[in-house]
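Listed here are the chains, written in short residue letters.
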Amino acid sequence: MIRDNIEKVQKNIKQSCRTAGRAETEVTLIAVSKTKPVPMLMDAYECGCRHFGENKVQELVAKYEVMPKDIHWHMIGHLQRNKVKYIIDKVSLIHSVDSMRLAEEISREASKRGIEVSVLIEVNAAEEESKYGVSVQETLPLIQEIASLPGIHIKGLMTIAPYVENSEENRPYFKIMQQLAVDISRKNIDNVSMNILSMGMTGDYMTAVEEGATCVRVGTGIFGERQYDV
Ligand SMILES: *Cc1c(COP(=O)(O)O)cnc(C)c1O
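Asker: Give a description of the packing of aromatic side chains that names residues and reports values.
Answerer: Tallied over the full model, the rule gives one aromatic pair. Aromatic side chains Phe-52 and Trp-73 sit 5.7 Å apart centroid to centroid with 35° between the ring planes, which places their arrangement in the tilted category. A residue pair is termed long-range when its members are at least 10 positions apart, and Phe-52 in strand β2 (residues 51-54) and Trp-73 in strand β3 (residues 72-75) qualify at 21 residues. A cation over an aromatic ring shows up here: Lys-90 above the ring of Tyr-64, its NZ or CZ 5.7 Å from the ring centre.

Asker: Account for the pairing of β3, naming residues and giving values.
Answerer: Of the strand pairs in this sheet, β2 and β3 are connected by four bridges, and their pairing is parallel. Residue pairing in the sheet places Glu-54 in a bridge with Met-75 of β3. In this fold, the crossover linking β2 to β3 by way of helix α3 (residues 57-66) has right-handed handedness. Of the pairings in the sheet, the one linking β3 to strand β4 (residues 93-97) comprises two bridges and is parallel in character. Bridge assignment links His-74 to a residue of β4, and that residue is Leu-93.

The rules behind the values
Residues numbered from 1 in each chain as written. Predicted model: local features only at pLDDT ≥ 70, side-chain atom pairs only at ≥ 80, totals over all residues. Heavy atoms only, no water. Phe/Tyr/Trp six-rings, centres within 6.5 Å; stacked < 30°, edge-to-face > 60°. Helix = DSSP H or I, 4+ residues; strand = E, 2+ residues; numbered from the N terminus. Lys NZ or Arg CZ within 6 Å of the ring centre and 35° of its normal. Pairing = 2+ DSSP bridges. Right-handed = clockwise from strand over helix to strand, strands pointing away.

Right under this line is the structure:
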């Protein structure tokens, strides 16, 4: 099942790249494995997946410990400052930086260990009340502030678009994100690049790729529906 799902997602990404005149090598598929057991992740690994996304620190660490070491782990969920120390040396990319205080904590822990940490700024493009992330207007000022911190490198932007039935409804937000990344990269801020645009989930990744996503985060579309204990 997982193999078929991955093949289908990859085919769709390829199709969207073709539609947009992009090279498919520009897009990284992140398998969002939250709540799923290790054997399912291993199935995805056997199919070639090397990028996994988790949204909880404890779960990411537990899976990191037992999974092969050539995996790139992506922290895609809200990150509390007191938990930065547990994942900082395990993740390839933190997608969810949305405050100076969190960036300072990452910088402090990175410097302590003599490592460099790559992050994305999470933008609440649709300005939903329930979501983390900074507004479009706050993004550049926050980036300018974070840019001067040691040990932390901003590599781009991330957004979680609203849950919608029809992915076309999210196209305007993906366009806003793409434009924001272009505007910020034109500022040529030291220590800041806008090479990564993390957007698109199971319901809307094709639209996101058409609008310039370089990372798509697909969970349900690979592993099936998630069951949460109640
Ligand atoms: C759960 C999650 C995803 C994947 O969602 P699906 O709809 O299952 O593909 C992507 N991004 C973030 C930040 C998530 O928390």
